[in-house]
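Descriptive analysis of the structure
Spelled out from the first residue to the last, the chains are:
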Amino acid sequence: DAEITQSPRHKITETGRQVTLACHQTWNHNNMFWYRQDLGHGLRLIHYSYGVQDTNKGEVSDGYSVSRSNTEDLPLTLESAASSQTSVYFCASSGAGWGTGELFFGEGSRLTVL
Amino acid sequence: AQSVTQLGSHVSVSEGALVLLRCNYSSSVPPYLFWYVQYPNQGLQLLLKYTSAATLVKGINGFEAEFKKSETSFHLTKPSAHMSDAAEYFCAVGKGGFGNEKLTFGTGTRLTIIP
């Protein structure tokens, strides 16, 4: 079955370190998204991509970057981790173009920055 | 800009009772509206969606929602709560058409079922 997987599921790091969260989907979806989930804020969009070599900033993109070199993967990089980036991160994907709005989510990556 | 407001961060209902989770939206264009559910330690999954067709939308697990333009609401209901409904529920809005998947989510409502 097609799926979307995130790794690592849990990570503890120190302030100032670079961290990369992986997201891999086998749906062959063009669209991929990264959200962060925080209590009281729900899910907020970090970055998104509508295809290979396409990346776009979401509402909370500062301190994060993504790259899209193939259809399957959209890694999220924190260049210099900060305590404010402690959160649960979700990757999601969806089919192309005029969409139904249905996102398929991974199980999340819990990041703690000490 | 689009936004959704979920009234009540926590809702508790008895097993067998009516479930009502409230969502109001703001949108400058005809909205596409969604409810997603998140079970513990899992990602979100689509419960139901409104895409400008029928105003009463039926979803999975016996849930339904009604789009009311005059009230800018899209409340989620289920006639009889089951223990397995305990989860967090998110309302979301999209703008339709290309890029519809770039959703804006509400802050979520945690539903607790009392035995």
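Structure's up top.
In this text the structure is predicted, and so the values were computed from the model without any measurement. (Residues numbered from 1 in each chain as written. Chains lettered and ligands numbered in written order. Predicted model: local features only at pLDDT ≥ 70, side-chain atom pairs only at ≥ 80, totals over all residues. Heavy atoms only, no water.)

**Side note on the state of the cysteines**
By definition, a disulfide links the sulfur atoms of two cysteine residues through a covalent bond. One pass over the full model with this rule turns up two disulfides over all chains. In this model, C23 of chain A is linked to C91 of chain A through a disulfide, with the two sulfur atoms separated by 1.9 Å. Between C23 of chain A and C91 of chain A, the S-S dihedral sits near -75 degrees, and the bridge is therefore left-handed. Taken as a pair, C23 of chain A in strand β3 (residues 19–25) and C91 of chain A in strand β9 (residues 87–94) lie far apart in primary sequence, 68 residues in all. Accessibility expressed as a relative area gives 2% for C23 of chain A, which makes it buried. Two residues share a disulfide in this structure: C23 of chain B and C91 of chain B, whose sulfurs sit 2.0 Å from each other. Handedness of the C23 of chain B-C91 of chain B disulfide follows from its S-S torsion of about -65 degrees: it is left-handed. Of this pair, C23 of chain B sits in strand β3 (residues 19–26) while C91 of chain B sits in strand β9 (residues 87–94), placing them 68 residues apart in sequence. For C23 of chain B, a relative accessible area of 0% corresponds to the buried category. (Disulfide = S-S within 2.5 Å. Helix = DSSP H or I, 4+ residues; strand = E, 2+ residues; numbered from the N terminus. Buried < 20%, exposed > 50% of the residue type's maximum accessible area, 1.4 Å probe, protein only.)

**Some thoughts on the pairing of strand β11 (residues 109–114) of chain B**
All names here are of chain B. Only one face of β11 is buried: it carries T109, L111 and I113, and the other face, with R110, T112 and I114, is open. Pairing of strand β2 (residues 10–14) with β11, which is carried by five bridges, proceeds in the parallel orientation. Across the sheet, the residue bridging to S14 is I114, located in β11. In terms of strand pairing, β9 meets β11 through three bridges, oriented antiparallel. When the bridges of β11 are listed, E88 appears paired with R110. (Pairing = 2+ DSSP bridges.)

**Some details on the sheet that holds strand β1 (residues 4–7) of chain A**
All names here are of chain A. Strand order in the open sheet formed by four strands is β1-β3-β8-β7, with antiparallel pairing between adjacent strands. Strand pairing shows two members of the sheet lacking a second neighbour, β1 and β7 (64–66), which therefore form its edges. Looking at each pair of strands side by side, their axes are set apart by 20 degrees on average, direction ignored. (Axes fitted to C-alpha atoms, helices over the stretch in contact; angles between N-to-C directions.)

**Topic: the side chain of T109 of chain B**
Residue and element names in this part refer to chain B. Mapped onto the elements, T109 comes out in strand β11. A relative accessible area of 1% means that T109 is categorised as buried. Only 2.8 Å separates the side chain of T109 from the backbone oxygen of G8, close enough to count as a polar contact. With residues up to four places along the chain from it excluded, the contact list for T109 reads Q6, L7, G8, S9, H10, V11, L21, A87, E88 and Y89. (Polar contact = N/O pair within 3.5 Å; in protein donor to acceptor, adjacent residues only side chain to side chain. Contact = heavy atoms within 4.5 Å.)

**Focus on the sheet that holds strand β1 (residues 3–7) of chain B**
Residues and elements named next belong to chain B. Pairing in this open sheet of five strands is antiparallel, and the strands run β1-β3-β8-β7-β6 from one edge to the other. Of all the strands in the sheet, just β1 and β6 (56–58) have a single pairing partner and so form its edges. Looking at each pair of strands side by side, their axes are set apart by 20 degrees on average, direction ignored. The sheet contact formed by β1 and β3 spans five bridges and is antiparallel. Within β3, the position partnered with Q6 by the bridge is C23.

**Some remarks on the side chain of D85 of chain B**
By secondary structure assignment, the location of D85 of chain B is in the loop between β8 (73–78) and β9. Beyond its immediate sequence surroundings of up to four residues, D85 of chain B is in contact with F63, K78, S80, L111 and I113 of chain B.

**Focus on the nonpolar core**
W35, L76 and Y89 of chain B are the most contacted members of the largest nonpolar core, which totals 27 residues. Contributing elements (two or more residues each) for this core: β2, β3, β4 (32–38), β5 (44–50), β7 (64–68), β8, β9 and β11 of chain B. (Core = buried A, V, L, I, M, F, W, Y, C linked by side-chain atoms within 4.5 Å.)

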